[in-house]
Amino acid sequence: FRRVLFRSIANVLGADGIYYMIENSKKVPLKFHFGAPSCVPATSFETAGAIIDSEGIKELMAHPDIYYLAEMMNYPGVLFDDPEVLKKIEWAKHFKKPIDGHAPGLRGEQAKKYIAAGITTDHECFTFEEAHEKLSLGMKVLIREGSAAKNFEALIDLLPDHFENMMFCSDDKHPDDLIVSHINALCARAVAKGIDVFKVLQAACINPVKHYNMNVGLLRENDTADFIVVEDLIDFNVLQTYIDGELVAENGKSFVKHTDFETPNNFNTSKKAIEDFTVSGAASQIRVIEALEGQLITNEIHHKPLIENEKMISDTSNDILKMAVVNRYQNAPPAIAFIKNFGLKKGAIASSVAHDCHNIVVVGTSDAEICKAVNVLIENTGGICAVDGDEVKSLALPVAGIMSDKDGWETGKLYQEIDAMAKALGSPLKAPFMTLSFMALLVIPDLKLSDKGLFSGKSFSFVDLEV
């Protein structure tokens, strides 16, 4: 089984998207455990496709297929007693369902207040000290290892002493990575470090089921027969998967049958012109987003812009590239910024998987390449792509502009090709598209870009491009 978060489709389609996912999940024998998205939109500083207020959360929390309140990302709202945020938390408590946290770097008195509000987990810890403090305050910590954000090595040494209050989490893992491994790989890595296998299995298997009250058997008498068979408890190679006693996968082959389904979407913007991405100015210094390998957090750095014909352009020699976020829900001017560490020497990459509002986010070496990449996604009504002159590789994501209608293996193979092209264009990042998707996630500091402008996570306000 997999624990599923689906705030993304809620940001695009609202409650209708949530109910679509619930009904679609019933067509297959897998066990899905959905959480009600607590922050739709994540902030008021970006454009989403929908709003879910506290009354909407009340309705969702009453639904039997909703198991928890997902990712309370608006931690400033908790800290400053925002009435609407507190109402959402109270509805989760009313229905006796746990509340997930999302507060990277929150420490001290602020962490105490956040946890005291009733928030029980955090999967965003990125240092040993932060995770240890949150554990000491009664919070459960999920060790997250995704395609871009990798916190296993920083946190795993906490597991031997805190195995009763820790879990493993993938959170934003690309399809090609999922084909290779999932939680089983984290179990193997933990055992290889000499951690007791039963402590590892408790974190991987027992704690999630009990914390979220999942409808999953734990091999007890009268439990449903939900289990996997692994080759050994060293490498954790999965041989078979059973759900309700039914063999659903064996030796890497799924027996789950394909079902027909609708592809709802909300892509309402027109194709853009190259001129839409020009930035005039003669600033001596600009704010630049510094992306960090393996982290969702970013830094704000200052740099002299490259100016040509009174326009700010990408500076490939210094790896200061132009970035844009394009509103997908309506026609509006793109928001422009500059970013470091994507490393492209030519071309552009773009994605409509851009947390949390899933507007189009793009990084490129020229305005023409940026424009071309954006228009590829608009034509596909969502997806990811890499472009270099006439060469284009793209993966269409027609389901809400964030999901493929193809099977995981086909999707994973095509993603691998696009990822390889992005790296051939010069990107040194291990997961350039996953890193790109988080450059519009305003609730994770420091400097990010929404469709409305450059945003500081420290001051929680918009800032000017020019210093």
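For the structure itself, consult the block above.
A short tour of the structure in this document, coming up. (Residues numbered from 1 in each chain as written. Predicted model: local features only at pLDDT ≥ 70, side-chain atom pairs only at ≥ 80, totals over all residues. Heavy atoms only, no water.)

### So, the overall build of the protein
When helices and strands are tallied, the protein shows 15 helices and 25 strands. Relative to the globule expectation of 23 Å for 467 residues, the C-alpha radius of gyration of the protein, 22 Å, shows essentially globular dimensions. Dimensions of the protein along its principal axes, counting C-alpha atoms only, are 75 × 50 × 45 Å. Classification of the 467 residues of the protein by burial places 54% in the buried group. Taking all contacts inside the protein whose residues are at least 6 apart in sequence as the whole, residues at least 24 apart take part in 64%. With 46 positive and 65 negative side-chain charges, the protein shows a spacing of 1 Å between the two charge centroids. (Helix = DSSP H or I, 4+ residues; strand = E, 2+ residues; numbered from the N terminus. Rg over C-alpha atoms; globule rule 2.2 N^0.38 Å. Buried < 20%, exposed > 50% of the residue type's maximum accessible area, 1.4 Å probe, protein only. Contact = heavy atoms within 4.5 Å. Lys, Arg positive; Asp, Glu negative; His and termini not counted. Charge placed at Lys NZ, Arg CZ, Asp CG, Glu CD.)

### A word on the layout of surface pockets
Roughly 340 Å³ of volume is contained in the second largest pocket. Around the second largest pocket sit 19 residues that line it, and Y75, P104, P445, G457 and K458 are the ones nearest its centre. Residue classes in the lining of the second largest pocket are distributed as 10 nonpolar, 6 polar and 3 charged. (1 Å grid on protein atoms, 1.4 Å probe; cavity = no way out; pocket = protein on both sides within 12 Å on 5 of 7 lines; lining within 4 Å. Points joined across faces, edges and corners; volume = space filled by probe spheres on them. Nonpolar A, V, L, I, M, F, W, Y, C, P; charged D, E, K, R; others polar.)

### A few points about the nonpolar core
Ranked by size, the top nonpolar core spans 109 residues in total, and within it M72, Y114, M323, I339, F342, I349 and F433 carry the most contacts. In this structure, M72 is in contact with S38, C39, V78, V85, I89, D100, G101, H102, Y114 and I119, ignoring residues within four places of it in sequence. (Core = buried A, V, L, I, M, F, W, Y, C linked by side-chain atoms within 4.5 Å.)

### Looking at the sheet that holds strand 23 (residues 447-450)
To summarise the sheet geometry, strands pair through backbone hydrogen bonds and adopt either a parallel or an antiparallel arrangement. Strand order in this open sheet of 3 strands is 23-24-25, and the pairing throughout is antiparallel. Of all strands in the sheet, those bounded by a partner on one side alone are strand 23 and strand 25 (461-462). Bridge analysis of strand 23 against strand 24 (residues 453-456) gives 4 bridges, and the strand direction is antiparallel. Residue K448 lies in a different strand from strand 24, and its bridge partner there is F455. (Pairing = 2+ DSSP bridges.)

### So, a nonpolar patch on the surface
Together, I179, V180 and W409 make up an exposed nonpolar region whose accessible area comes to about 330 Å². Considering the arrangement of structural elements, one finds I179 in helix 10 (residues 175-180). By relative accessible area, which is 40% here, I179 ends up partly exposed. (Patch = residues over 30% accessible without salt bridge, like charges linked within 9 Å, V, L, I, M, F, W, Y side chains within 5 Å. Areas by Shrake-Rupley, 256 points an atom, 1.4 Å probe, with all protein chains shown as cover. Salt bridge = Lys/Arg side-chain N within 4 Å of Asp/Glu carboxyl O.)

### Digging into the packing of helix 3 (residues 54-61) against helix 5 (residues 83-94)
Each pair of packed helices can be described by the angle between their axes along with the distance between the axes. Interaxial distance between helix 3 and helix 5 falls to 9 Å at its minimum, and their mutual angle equals 10°. Between helix 3 and helix 5, the interaxial angle falls into the category roughly parallel. Contacts between helix 3 and helix 5 involve S54, E55, I57, K58 and M61 on the former and, on the latter, E84, K87, K88, W91 and A92. (Axes fitted to C-alpha atoms, helices over the stretch in contact; angles between N-to-C directions. Parallel < 35°, antiparallel > 145°, perpendicular 65-115°, else oblique.)

### Concerning the pattern of salt bridges
All chains considered together, the criterion is met by 22 salt bridges. As a salt-bridge pair, E153 and R189 come within 3.1 Å of each other at their nearest N and O atoms. Linking E153 in helix 8 (residues 152-155) with R189 in helix 11 (residues 183-192), this pair joins segments that are 36 residues apart in sequence. A relative accessible area of 48% means that E153 is categorised as partly exposed. Given the relative accessible area of 30%, R189 is considered partly exposed. Between D419 and K423 there is a salt bridge; the shortest N-O distance is 2.9 Å.

### So, the pairing of strand 17 (residues 320-326)
Judged by how many residues are buried, strand 17 sits mostly within the fold: 7 of 7 residues are covered. Here strand 17 shows a buried face lined by I320, K322, A324 and V326 and a second buried face lined by L321, M323 and V325. With 5 bridges joining them, strand 17 and strand 20 (residues 360-364) adopt antiparallel strand pairing. In the strand pairing of strand 20, A324 is matched with V362.

### Considerations on unusual backbone geometry
Residues V40 and P41 are joined by a peptide bond in cis, for which omega reads -5°. Mapped onto the secondary structure, P41 falls in the loop between strand 2 (32-37) and helix 3. At the junction of P445 and D446, the peptide bond is cis and its omega measures out at 5° in the coordinates. Mapped onto the secondary structure, D446 falls in the loop between helix 15 (432-437) and strand 23.

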